[in-house]
Structures are given as C-alpha cells and as structure tokens.
Amino acid sequence: MSDYVGIVLVSHSPQLAAGLRQLLGELAPDSVRVMVAAGTEDGGLGTSYDLIAGAVAEADGGAGVVVVPDLGSSVLTAVTVLEDVPRPGVVLVDAPFVEGAVSAAVTAATGAGLAEVVAAAEEARGFRKL
C-alpha cells in the first residue's frame, strides 16, 4: 500500500500523456503512482473505457486517486467509468491537464491527503503565466 495519492492522466493522445508523465516523473518520486490512460487500445487517438478503468485500479495504492482528463470525451469516458465502477477515494478533477497534473503530483509527493491533492489540481486553473 502506498501512502501517496495516485494520479491518472486521461488523454486522447498517448504521446501527450506520455510526455506529461515523463515531466511528472522529474517532479515527484516514483512512490507517487502516475498512470496513463491515453488513446485507444490500438494506440490511436481517442479514449478507452478499459484503459481508464485499468489505470485507476493500478494507481490506487490506498490513499486515493486523482483523475486528470484532457478534454471532451476523455471527461465523459472517465465519468462513465467512475459511475460504472465506483471506487472510494477516486476523484475526477476539473483542472487544466498540464498544470493540474503538475500541481497534483507535486502536492501528492509531499504526502498530502486526497482533499489537498484535489484542491491543488483544481486551483491550477487560476495560475497566471504572465
């Protein structure tokens, strides 16, 4: 069992999610489980119910899971998965994909609880770049 909140990146693009996962790997220790559910089963663009369900299960080390979708159908598919296969402590966040995932990973790496990681991801919406 992990003491860290896990993170699931849900994206239409396997390459986009893999790049973000690589970035998160530089910012958070390996003990923060970051799973990717991106693209279709055959590696194409899109979203996959089964990939999302599997990634959520893998990311769940007991401290909760934050699911960060990119846009559109990734949100809808994640909602469907979480409704069909409810798991306690799994939260779909309304956050920008990159900034929300970075905030979630950095916060999770401190050992923060699920509520704090969710808040950090969602607060990333207000970060100004300039």
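Our subject is the structure that appears above.
Every value quoted in this text rests on a predicted model; they were computed, and no experiment measured them.

Q: Explain the overall build of the protein chain here, please?
A: Of regular secondary structure, the protein chain possesses 5 helices and 4 strands. Here the C-alpha atoms of the protein chain give a radius of gyration of 13 Å, agreeing with the 14 Å that 2.2 N^0.38 yields for 130 residues. When its C-alpha atoms are laid out on the principal axes, the protein chain stretches across 40 × 35 × 25 Å. Once local pairs closer than 6 in sequence are excluded, the contacts in the protein chain between residues at least 24 apart make up 75%. As displayed, the protein chain offers around 6400 Å² of accessible surface, 56% of which is attributable to carbon and sulfur atoms. Charged side chains of the protein chain number 6 positive and 16 negative; the gap between the two group centres comes to 6 Å.

Q: Whenever I open this one, the environment of Gly46 confuses me. Can you help?
A: Mapped onto the secondary structure, Gly46 falls in the loop between strand E2 (34-38) and helix H2 (49-59). By relative accessible area, Gly46 is classed as buried at 13%. Considered as a pair, Gly46 and Pro96 are 50 residues apart in the sequence and their alpha carbons are 18 Å apart. Other than its neighbours up to four places away in sequence, Gly46 contacts Ser11, His12, Ala38, Gly39 and Thr40.

Q: Help me understand the pairing of strand E3 (residues 65-69) in this model?
A: Put simply, side chains in a regular strand alternate between the two faces of the sheet. Counting buried residues along E3, 5 of its 5 residues qualify, which places the element largely inside the surrounding structure. The two faces of E3 match: Val65, Val67 and Pro69 on one face and Val66 and Val68 on the other face are all buried. Pairing of strand E1 (residues 6-11) with E3 involves 5 bridges; the strand directions are parallel. Bridged to Val10 within E3 is Pro69. The pairing of E3 with strand E4 (residues 90-92) spans 3 bridges and is classified as parallel.

Procedures and definitions
Residues numbered from 1 in each chain as written. Predicted model: local features only at pLDDT ≥ 70, side-chain atom pairs only at ≥ 80, totals over all residues. Heavy atoms only, no water. Helix = DSSP H or I, 4+ residues; strand = E, 2+ residues; numbered from the N terminus. Rg over C-alpha atoms; globule rule 2.2 N^0.38 Å. Contact = heavy atoms within 4.5 Å. Areas by Shrake-Rupley, 256 points an atom, 1.4 Å probe, with all protein chains shown as cover. Lys, Arg positive; Asp, Glu negative; His and termini not counted. Charge placed at Lys NZ, Arg CZ, Asp CG, Glu CD. Buried < 20%, exposed > 50% of the residue type's maximum accessible area, 1.4 Å probe, protein only. Pairing = 2+ DSSP bridges.

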